[in-house]
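# Examining the three-dimensional arrangement
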Amino acid sequence: MIEPLPLADYSIARHVVFTLPARRRPWVVHCLHGRLWVTHGASVRDFILSRGDRLRVPAGAAVVVEALRSARFDCEPVAVAPVAFHLGRLMQRLIAGYA
């Protein structure tokens, strides 16, 4: 599996199609401006993203993006939920206390 271009903003003109290769971990397409048509191999659905919308992409799924009008988007890793992170640390401390 290929890691795509570095996480950054991508600007594409209307009707330009952009392909992002699959990643090893889940990630998010975030529409910063404009309107995007997005599809990925893990879903039979197509998605329309407007400014502020996010689409979670599962690991191993390549993505095709088309700008329905000039658009800007970025790709972000899926963040670990803060609650899960803190619960994990608490469990580690509790286990260490009993060792």
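To start, this report covers the structure provided alongside it. All values derive from a computational prediction rather than experimental measurement.

What follows deals with the packing of aromatic side chains. Counted according to the given criterion, the structure contains three aromatic pairs. With a centroid separation of 5.1 Å and 50° between ring planes, the pair formed by Tyr 10 and Phe 18 is classed as tilted. Tyr 10 sits in the buried class, given a relative accessible area of 8%. Between Phe 18 and Phe 73 the ring centres are 5.8 Å apart and the planes differ by 80°, which places this aromatic pair in the edge-to-face class. Taken together, the positions of Phe 18 in strand β2 (residues 17-20) and Phe 73 in strand β6 (residues 63-77) put the pair 55 residues apart, joining distant regions of the chain. For the cation-ring pair, Arg 23 lies above Trp 27, with the distance from its terminal atom to the ring centre recorded as 4.9 Å.

The next subject is the pattern of salt bridges. Following the criterion strictly, the structure yields two salt bridges and no others. A salt bridge links Arg 54 to Glu 76, with the shortest nitrogen-to-oxygen separation between them at 2.6 Å. Of this pair, Arg 54 sits in strand β5 (residues 54-57) while Glu 76 is found in strand β6, placing the two residues 22 residues apart along the sequence.

Let's shift gears to the pairing of strand β4 (residues 46-50). The side-chain alternation of β4 yields one buried face, formed by Phe 47 and Leu 49, and one unburied face, formed by Asp 46, Ile 48 and Ser 50. Pairing geometry for strand β3 (residues 27-40) and β4, over five bridges, is antiparallel. In the sheet register, Leu 36 faces β4, and the bridge partner there is Leu 49. Between β3 and β4, which pair antiparallel in sequence order, lie five residues.

Scoring rules and cut-offs
- Residues numbered from 1 in each chain as written.
- Predicted model: local features only at pLDDT ≥ 70, side-chain atom pairs only at ≥ 80, totals over all residues.
- Heavy atoms only, no water.
- Phe/Tyr/Trp six-rings, centres within 6.5 Å; stacked < 30°, edge-to-face > 60°.
- Buried < 20%, exposed > 50% of the residue type's maximum accessible area, 1.4 Å probe, protein only.
- Helix = DSSP H or I, 4+ residues; strand = E, 2+ residues; numbered from the N terminus.
- Lys NZ or Arg CZ within 6 Å of the ring centre and 35° of its normal.
- Salt bridge = Lys/Arg side-chain N within 4 Å of Asp/Glu carboxyl O.
- Pairing = 2+ DSSP bridges.

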